[in-house]
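Architecture and fold: a report
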Amino acid sequence: DMSLAKQSTDYFVTLYTKQPSADGFGNNNANDGRVLSASPGSSSSTGSNKQTAAVTPEDQQTLLAVLQFLKKNKLSESVEILRREAGLPENSLDPKANESAGAGSGGAAGIVDLEGGDASSLLSRVTGSSSAGAQAPTKGTVQSGCSAVAEDQPDVSVVLSAYSQQGDPTLYKVYYRDLKKFIETVLDCHRAELSQVFYPLFVHMYLELVYNNHESEAKAFFEKFSGDQECYYEEDLRILSGLTKKEHMRGNETLLDFRTSKFVLRISRDSYQLLKRHLQERQNNQIWNIIQEHLYIDIFDGMPRSKSQIDAMSGSLAGEAKREANKTKVYYGLLKEPEIELPLDDEDEEAENEEGKPKKKKPKKDSVGSKSKKQDPNAPSQNRIPLPELKDSDKLDKIMYMKEATKRIRLGPDNLPSVCFYTFLNAYQGLTAVDLTDDSSLIAGGFADSTVRVWSVTPKKLRKVKSAADLNLIDKESDDVLERIMDEKTASESKIMYGHSGPVYGISFSPDRNYLLSSSEDGTVRLWSLLTFTCLVAYKGHNYPVWDTQFSPYGYYFVSGGHDRVARLWATDHYQPLRIFSGHLADITCTRFHPNSNYVATGSSDRTIRLWDVLSGNCVRIFTGHKGPIHSLAFSPNGKFLASGATDGRVLLWDIGHGLMVGELKGHTDTIYSLRFSRDGEILASGSMDNTVRLWDAMKAFDDLETDDFTAATGHIHLQDNSQELLLGTYTTKSTPVIHLHFTRRNLLLAAGAFNP
Amino acid sequence: EISSHSRFDPCHLNGSHDGILCFSSKCDLDFVCVSTRGYIYRPVCFLVSAMAEERRQKHCSVVLPTESMKAMAESVGVGQLQEDSCVALSEEVSYRIKEIAQDALKFMHHGKRRKLTTSDIDNALKLKNVEPLYGFQSQEFIPFRFASGGGRELHFYEEKEVDLSDIINTPLPRVPLDVSLKAHWLSIEGMQPAIPENPPPATKEQQKAESTEPLKVVKPGQEEEGTIQGKSQGTTTPDGKGKEKGLIRLKPRSTHELSVEQQLYYKEITEACVGSCEAKRAEALQSIATDPGLYQMLPRFSTFISEGVRVNVVQNNLALLIYLMRMVKALMDNPTLYLEKYLHELIPAVVTCIVSKQLCLRPDVDNHWALRDFAARLMAQSCKTFSTTTNNIQSRITKTFTKSWLDDKTQWTTRYGCIAGLAELGSDVIKTLIIPRLAVEGARIKAVMEGPVVSNIDKIGAEHVQSLLLKHCASVIAKLRPQPDNVDQYRTDYGYLGPMLCSHVMKARTQAALQAQQVNRTTLTITQPRPTLSVSQSGLSGSSGPRTPSIIKVPSSLTLMSPRPGTPSQPSPPATKYIVMATSAGAASTQQVILFFTTTPGNLSSQSASPVTSTVPSATSTLQPLVKLESGSGAGLTASRPLQKYIVVSLPSSASSSLETKSSVLPTSISSSSLDGGMKLERSESPGASTQSPH
């Protein structure tokens, strides 16, 4: 039973989490979030009357359920650990939780540290040339749950039992209407803020009705008030509308997500007091209880937010991000490039500077003191995570890159890139993923028929390495040995690679062009050699479809994410993941490495984007604001910004350092499947299902930023609607959705998609 | 097939290899297990459409009708299902199916499609740990059939029993085309080139707006959207500049300056259209009918046709007139052209071909009647598409035809043309204008046919007019007159033509009855279209086996197809040599290169090769482009066409680049074989050209 596997994985995530927090239990069915009754933040700012004592028995119940489950699956070791851990929460929970909240870990991440050792030490061992003892003892038990037989699921019932307390079902309508009336009559400035409460309340009240078998009341309640909800919740409401019976609630993941994670609202203190007073006056315990138990209200001092400010940030499955979640320092700067001797030294330096910091005074200074380039204060230390050493071929490639960079076209509003479109013909709707190498010499396609195909787009054909017997005959001392090992007879323009047993949804070339990664519906990520065109490794871990995968910009590491809601960080020479990033409440739809390789961004169907620290495994940023599943992400070349595109047809821009939304680009009418910044970060290109490529003025979008202290402190944003000014061009294809974009090293834009007759 | 299960897991659809679904129910049987192989898709289809409906009617939960449950139960032999078990079942099934459909949508999104396929549902079932249903691999749609009878409606999936020997004996279907990659310029320095791969630059609406609102000042911003072609084709006409400055033009200029490439294209196309080689003509006409970028050349073509008709009518050159009319047809077929502006030239030309007294040198032998018919159809078509209340084309044309028809001195040829022109306009025109004159016309025909022989030509003309009238009038009369058809009655009504008309009408009636019968019969079985392979096969014959994907490399320099026809007077053209220097009229950094597109199998738009001009960006603005058309003798293909033509684009090598000059032969086998002459194509790239490539 695969759902069990997921749960058991989550248990482990929980067990090994050093700092348990409410988010960490996001998709842990066993813990309904109240295990940590005083979850971070809720006690810190609200000062609300949390009834810690009342919940304790249920905590124990949950723990017992977990222990029971583990025992059943003969995971005695884990049982031990949990027992030991179980002592902790009761004793030291409150202070610890508060501390962690203060530290702002946001703590959504579970680190799976396989040996329980120091995370960084593991990483360094991993990169150690010998990689000798790095063999983690087979805690394959993480996945062993998948073979476990489906038994009763006490955990599920525990989760749901929270709904058992109930009031009079007929009064629900009255309560809700009452609150609605109240909110409609409050001052305008508070109304928008308080209206945020409607949706989570509505859902929880509906679920309570359903859980307690008041089917007809539930239906009536739904019909009466579902129309009032914000339009961007329509998808969720549709799922909800299908759910009419208690039996349906079990095993419904969306529901469990909603139940187990607290819906986060940001409300100003004044508005909150208003609401609280009203509810207390009316003795409206039903609603008060829901607010206490299922919502997390992040209270801030200051002016209440306007409707547009709220709308910009809301829309995700679990409300907005807590402010604490985005407080951790992120080292978004770029790593220093290794110094490589170059014939055209000066020019290249200059080109590089332009790339790194296209803005303001810096370039001048740097180009003067060319050699001793200072480390970017925002950059992580060079060895924060161990990176593979450069090989000779990598150095050659770097030189090529720099040479190309000197010929790069400076783009801008008056100098738009040319777009070359690669159309896949006769794909019969089967093209699911595309990637191009950094030097634009190879293009790979993943197809619904499980194949992976690679084409050469230069006159240089694809060749395999000769067979072992033939290789023996080669003179290994000769200068052109690399050329000699190739088998001329196998030269062709394209190669097909078979291995997957389901549609290939993600594909990524390694930076050195020797490998190709592909992720598939069959739950595996495969590593292919582009020298032999065979599969080298199948990384198993995700038991469900893997929607996306990507190589680190420095190679060696890669990240994958899929339907099981966790992203995994792998190293090519390990068959087990090094990190598991857990916290999303729904499928992870896209994954992307930060240019400095220290962070990973994931987009999800829960309509949030999370940024994870590769070193610690922690979630360091949560971005909310999209109204649909996110399908594309792109980091700006200077590492400061992130762009994301979703099914809602909008591109949102984020400042990573401040953890803020800084722009919204409206124009597309369908899912955005591809985003890419030009090499110097001046232009953002977006490709969509609506058959268009659009170019946006990224420079302008980021330059106009007002990141003054006030906005940064409160997390408020005020977006101007300037999409039309920023849109530099729209190019329509005949009938080809644009699913991949790529800027060549000289800033020519390549786009790809399958013709859809 | 009912079985009770000892255990029931309500969390999942429990699946066995046969797609068995378990549902909890409140009826006596604790668990009903319905084998529903083949049924799951039906509810899914139903629910998907129901969910679309839901979007409109605000989330009221849609549930399968209980009749559905009954029907499914019956189909597996469960006769008596209680009503409340049906209700319970349908609710449960609806919920589970909705879940599956929602998961399936996920797969659709990740598959980057807009259409939900059966494989999405299979994958969604797999997520739920349910064995997918095998055997439903239809990519495009699910061939459900519909039947009704006895007040019940049924959608069903038809599973035919297949005779193995049939399968063995039928020849193998063609291997589907392999995936291939094709590159084209979507945009060049911010401008979208007008090539067949891109959507038409100026939509008809824009062309119309331009022609109907000539005084409108176009702002620079708008220009990017609408009138790209002016720039992208490298012609910065005074026109365009005027627009940019926002000056009000008093009178729009009807012609545009054409770039050298466009002029070349124009020359090639017009020569092919009136040349002697039919294959080339077909290519050229195809190009006219499909290319999206011809808008600028339209005035030239229009003038070419009208002048051509004027000259060739005088010279009685029937063949050329036919060719010109085919050009008119091709222009009308091109969906991207807004012809209204040029009707004043085209309509007189067409009408001339309908009614001219003499169209050929030997009217007694040559079949100029066909030309008249063809032109009449063109006329009718343009009436249909272009006639409005303001231009009144149809009524003006009708008047013209009627007037000369009524004239006693009108010759038979013109008479024929008038009648044909009128008859093509439709049955209403026949009814009101032609049928009342049947008696008079009959008398005239009789005079020629039975009177003293005046001239052979008159007699032939009368014969043709007679058969034309019979052909067009019979079907109309068949609808007008009640049966029975009486010969005498016809004689009194229509005079000389009456008896013949009568027999034609009867024939028409029987034919109509036959057709009606066939129609009735087909309505008995309602069939849905089978999936058709929307694969356009290449013109290559005898190519079997998997075709290899062909990549046309980045369209950096050019691809080429050049149908240069020999003129009729010169069956084998001499070895001509063009050297065309592109004028750098546009921005200095823009080079003008001819893009000739050969087609690969399954091409975006057209089967034919179609040359289009465009510009290509170059990194270095100093390079002078050189487009050279060469023709020299190549390997002789056929005796009649010994010449092969090379078109070479060469650019002077730049010192800064160290790349070697490459010369590669593009895969032109397809285009060259479809061209009768067999063009060979060579592309030579100098480093200058290669800088334009994306890598």
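In this report, the structure presented in the accompanying data block is examined. (Residues numbered from 1 in each chain as written. Chains lettered and ligands numbered in written order. Predicted model: local features only at pLDDT ≥ 70, side-chain atom pairs only at ≥ 80, totals over all residues. Heavy atoms only, no water.)

Let's talk about the overall build of chain B
- Counting its secondary structure elements, chain B contains 24 helices and twelve strands.
- Of the contacts formed within chain B by residues at least 6 apart in sequence, a portion of 68% connects residues at least 24 apart.
- For chain B, the computed accessible surface area is about 33300 Å², with 56% contributed by carbon and sulfur atoms. (Helix = DSSP H or I, 4+ residues; strand = E, 2+ residues; numbered from the N terminus. Contact = heavy atoms within 4.5 Å. Areas by Shrake-Rupley, 256 points an atom, 1.4 Å probe, with all protein chains shown as cover.)

Re the packing of aromatic side chains
- A complete count under the given rule lists 30 aromatic pairs over all chains for this structure.
- Geometrically, the ring pair formed by Phe424(A) and Trp455(A) is edge-to-face, given 5.2 Å between the ring centres and 75° between the ring planes. Here Phe424(A) is found in strand S3 (residues 419-425), whereas its partner Trp455(A) is found in strand S6 (residues 452-456), with 31 residues between them in sequence.
- Plain terms: the ring middles of Trp369(B) and Tyr416(B) are 4.7 Å apart, the flat faces sit at 65° to each other, and that makes the pair edge-to-face. You can see Trp369(B) sitting in helix H15 (residues 368-386) and its partner Tyr416(B) sitting in helix H17 (residues 412-423), a full 47 residues away along the chain.
- Since its relative accessible area comes to 6%, Trp369(B) is described here as buried.
- Judged by relative accessible area, which is 4%, Tyr416(B) ranks as buried.
- Here the aromatic residues Tyr176(A), Phe198(A), Phe202(A), Tyr206(A), Phe221(A), Phe222(A) and Phe225(A) are joined through ring pairs into a cluster of three or more. (Phe/Tyr/Trp six-rings, centres within 6.5 Å; stacked < 30°, edge-to-face > 60°. Buried < 20%, exposed > 50% of the residue type's maximum accessible area, 1.4 Å probe, protein only.)

A closer look at the pattern of salt bridges
- According to the stated counting rule, one finds 52 salt bridges over all chains in the structure shown.
- Of the charged contacts, one joins Glu197(B) and Lys182(B) as a salt bridge, the two residues approaching to 2.7 Å between their closest N and O atoms. Pair noted here: Glu197(B) is in the loop between strand S5 (180-187) and helix H6 (204-212) and Lys182(B) is in strand S5, with a separation of 15 residues, a long-range link. We note that Glu197(B), like Lys182(B), is buried.
- Between Arg377(B) and Glu424(B) there is a salt bridge whose closest N-O contact spans 3.9 Å. Here Arg377(B), found in helix H15, pairs with Glu424(B), found in the loop between H17 and helix H18 (427-434); they are 47 residues apart in sequence, far enough to count as distant.
- Classification of Glu424(B) as partly exposed rests on a relative accessible area of 23%.
- Through salt bridges with shared partners, a single ionic network connects Asp587(A), Glu92(B), Arg96(B), Glu99(B), Asp103(B), Lys106(B) and Lys128(B). (Salt bridge = Lys/Arg side-chain N within 4 Å of Asp/Glu carboxyl O.)

Focus on the interface of chain A and chain B
- Taken together, the contacts link 84 residues of chain A with 66 residues of chain B.
- Together, the buried faces of chain A and chain B total about 6800 Å²; carbon and sulfur atoms form 55% of this surface.
- If you look at where chain A meets chain B, you find five salt bridges.
- Arg114(B) is the salt-bridge partner of Asp670(A), the closest N and O atoms lying 3.3 Å from each other.
- Linking chain A with chain B are 18 residue pairs in polar contact (both at pLDDT 80 or more), by the criterion used here.
- Partitioning the side of chain A that touches chain B into residue classes produces 37 nonpolar, 28 polar and 19 charged.
- Pairing between S3(A) and S5(B): seven bridges, direction antiparallel. Bridged to Leu425(A) within S5(B) is Ser180(B). (Buried area = accessible area lost by both parts, 1.4 Å probe. Polar contact = N/O pair within 3.5 Å; in protein donor to acceptor, adjacent residues only side chain to side chain. Nonpolar A, V, L, I, M, F, W, Y, C, P; charged D, E, K, R; others polar. Pairing = 2+ DSSP bridges.)

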